[in-house]
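# Descriptive structure summary
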Amino acid sequence: MTNRKPLISGNWKMHHNHFEAIQMVQKLSYLLSANDYDAVDVSVHPPFTDLRSVQTVLESDGIPVALGAQHCHWEERGAFTGEVSPAMLAKLNVSLVVVGHSERRELFGETDDDVKRKVEAILAAGMTPIMCCGETLEEREAGQARAKVERQVVAGLAGLKAPQVAGLVVAYEPIWAIGTGQTATPEDAQEMCGAIRSVVRSRWGVEAADSIRIQYGGSVKPVNAPDLMRQSDIDGALVGGASLDADEFARIIAYRLVG
Ligand code: PGA
């Protein structure tokens, strides 16, 4: 196993206008220490309208938090009303883009093929995708969780070369755990993240499997983060609700200081 640096990402979804976003990152930087940044990579994923403001604060104050986006189109430009291209995000020094979040798949009809195209476009623009996957409660109860997630990973990363896969982030987010307060047990989350790493190993080889970072997402809170993060195949967290509050998010980032 290589030493994968954990990545803790705050997915703000459709929360915080640009004023609130500025306050949020300033407060977060006040709460985090050099030790935190040494131990953990941190990213925030504000709405598009906040990106420029957050970029300016991070850069002018020298805050080592990575700027992320929640979504993008795969084309570089064109007649796609309402969409934003990977090149536009890269121009704002966005380095990580969430792709295939279950809310995008379920509410906005994103398909595995869309996810694949976006993953390629994000990589081509020099950024890193955080590719989300996860099963519904019905799929879990029917014993299909593993097959569903493996299929999403293979479909979303299809066509990539091993070195590209090695640098990626995959977020395992069981849909029944998102925003519900119902977290997967550390053992269940580990089992699924382990399954994702195995499928990467069988398709792209040992090096890619050892390097790819796999996050868990779904009701991650300060109280459950330490046990989740202790699992051998969990390399970080994609945090929704609890990332909206700087104190709570900082406590998740400091998970290693608990227990
Ligand atoms: P949650 O969201 O932490 O509010 O459950 C996680 C996510 O959707 O990324």
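Here the structure is shown first, and the text comes after it.
Read on for an overview of the structure. (Residues numbered from 1 in each chain as written. Predicted model: local features only at pLDDT ≥ 70, side-chain atom pairs only at ≥ 80, totals over all residues. Heavy atoms only, no water.)

Mapping Tyr-255 onto the fold places it in the segment after α13 (246–253). The exposure class of Tyr-255 is buried, given its relative accessible area of 11%. Through-space distance from the C-alpha of Tyr-255 to that of Lys-221 is 9.7 Å; in sequence the pair is 34 residues apart. Ignoring sequence-local partners within four residues, the contact set of Tyr-255 consists of Pro-6, Ile-8, Val-40, Ala-225, Pro-226 and Met-229. (Helix = DSSP H or I, 4+ residues; strand = E, 2+ residues; numbered from the N terminus. Buried < 20%, exposed > 50% of the residue type's maximum accessible area, 1.4 Å probe, protein only. Contact = heavy atoms within 4.5 Å.)

Attention shifts here to the layout of surface pockets. Taken as a whole, the largest pocket spans an internal volume of roughly 430 Å³. Lining the largest pocket we find 14 residues, and of these Lys-13, Met-14, Gln-70, Arg-104 and Phe-108 sit closest to its centre. The element contributing the most residues to the lining of the largest pocket is helix α5 (residues 102–108), with four residues. In terms of residue class, the lining of the largest pocket is made up of seven nonpolar, four polar and three charged. (1 Å grid on protein atoms, 1.4 Å probe; cavity = no way out; pocket = protein on both sides within 12 Å on 5 of 7 lines; lining within 4 Å. Points joined across faces, edges and corners; volume = space filled by probe spheres on them. Nonpolar A, V, L, I, M, F, W, Y, C, P; charged D, E, K, R; others polar.)

Moving on to the packing of aromatic side chains. Counted according to the given criterion, the structure contains one aromatic pair. With a centroid separation of 6.3 Å and 55° between ring planes, the pair formed by Tyr-172 and Tyr-216 is classed as tilted. Here Tyr-172, found in strand β6 (residues 169–172), pairs with Tyr-216, found in strand β7 (residues 213–217); they are 44 residues apart in sequence, far enough to count as distant. Given the relative accessible area of 1%, Tyr-216 is considered buried. Just above the ring of Phe-108 sits the side chain of Arg-104; from NZ or CZ to the centre is 4.2 Å. (Phe/Tyr/Trp six-rings, centres within 6.5 Å; stacked < 30°, edge-to-face > 60°. Lys NZ or Arg CZ within 6 Å of the ring centre and 35° of its normal.)

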